[in-house]
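So the chains spell out like this:
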Amino acid sequence: RSRPLSAALGRSRPPSAALGPISADLADSDKVMDERRARLIGADGGFDEGGFLAGMVKSRVAVVVGFFLLGKGQLYGYIFAGRILLDVTGSFDLIKGLLGEYTEPIFWALTLGAVYYAYQADAAVKRETADFETLTREEALEREKTIDKSATVFEKMGKARSKPK
């Protein structure tokens, strides 16, 4: 960090001065990290496994709930719930008795097939809605006066499919 270099680059301040706001954010993150670290240390000064487990569970729940609420996880949720249902009712063991060592590969193939189907369905919706426009509120209100007022996007897609090309 030389002043001659700063002057040669046309800067009136050294490059480190530009990091002022970033340095403040880093100081705040250090404080946050210290607080988090303190939560993982027990009264005896050792590692608090309960605090660690609570943090892990909280993080996992946040990730799983977000995954299921934001779309792609819905399909996996049905598969996961179905597997739990099979395990709880003992049906999986019955099926395993019938299919033997092929049970797991069959379930994996069915799961991959369901994922493929979900991907194709998602891609079809994207293809069907690719020409939809994003409008400002004002533009939408103006166009609302002259356009078809179907209740849903899917009704519009259905009407578009039924129109002769």
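Since this is a predicted model, take the numbers as computed values, not measurements.

## As for the packing of helix α5 (residues 91–99) against helix α6 (residues 103–128)
Here's step 1: Two elements in contact, α5 and α6, have axes whose closest approach is 9 Å; the angle formed by their N-to-C orientations is 110°. By the angle between their directions, the pair α5 and α6 is classed as roughly perpendicular. Only Thr 103, Glu 104, Ile 106 and Phe 107 of α6 make contact with α5, whose side of the interface consists of Phe 92, Ile 95, Lys 96 and Leu 99.
Here's step 2: The residue inventory of the contact of α5 with α6, partitioned by class, reads 5 nonpolar, 1 polar and 2 charged.

## A few points about the packing of aromatic side chains
Here's step 1: One pass over the full model with this rule turns up 2 aromatic pairs.
Here's step 2: Relative to Phe 107, the ring of Phe 92 has its centre 5.3 Å away and its plane inclined at 50°; by these criteria the two rings are tilted. In this pair, Phe 92 sits in helix α5 while Phe 107 sits in helix α6, placing the two residues 15 residues apart along the sequence.
Here's step 3: Taking relative accessible area as the criterion, Phe 92 reaches 6% and is therefore assigned buried.

## Quick notes on the confidence of the model for the protein chain
Here's step 1: A residue-level look at the protein chain finds 75% of positions with pLDDT of 70 or above and a mean pLDDT of 75.
Here's step 2: Confidence, expressed as mean pLDDT per element, reaches its minimum in the protein chain at helix α1 (residues 3–8) with 52 and its maximum at α5 with 85.
Here's step 3: Scored below 50 in pLDDT, residues 13–20 shows 6 contacts in the model against residues more than four places distant or in partner chains.

## As for a nonpolar patch on the surface
Here's step 1: A cluster of nonpolar side chains, Leu 94, Leu 98, Leu 99, Tyr 102, Ile 106 and Leu 110, forms an exposed patch at the surface whose accessible area comes to about 660 Å².
Here's step 2: When residues of the nonpolar patch are traced back to their parent elements, those giving at least two are α5 and α6.
Here's step 3: In terms of residues, the nonpolar patch owes the most to one element, α5, which gives 3 residues.
Here's step 4: Within the secondary structure, Leu 94 sits in helix α5.
Here's step 5: According to the relative accessible area criterion, Leu 94 is exposed, its value standing at 60%.

The rules behind these values
Residues numbered from 1 in each chain as written. Predicted model: local features only at pLDDT ≥ 70, side-chain atom pairs only at ≥ 80, totals over all residues. Heavy atoms only, no water. Axes fitted to C-alpha atoms, helices over the stretch in contact; angles between N-to-C directions. Helix = DSSP H or I, 4+ residues; strand = E, 2+ residues; numbered from the N terminus. Parallel < 35°, antiparallel > 145°, perpendicular 65-115°, else oblique. Contact = heavy atoms within 4.5 Å. Nonpolar A, V, L, I, M, F, W, Y, C, P; charged D, E, K, R; others polar. Phe/Tyr/Trp six-rings, centres within 6.5 Å; stacked < 30°, edge-to-face > 60°. Buried < 20%, exposed > 50% of the residue type's maximum accessible area, 1.4 Å probe, protein only. pLDDT = per-residue confidence, 0-100. Patch = residues over 30% accessible without salt bridge, like charges linked within 9 Å, V, L, I, M, F, W, Y side chains within 5 Å. Areas by Shrake-Rupley, 256 points an atom, 1.4 Å probe, with all protein chains shown as cover. Salt bridge = Lys/Arg side-chain N within 4 Å of Asp/Glu carboxyl O.

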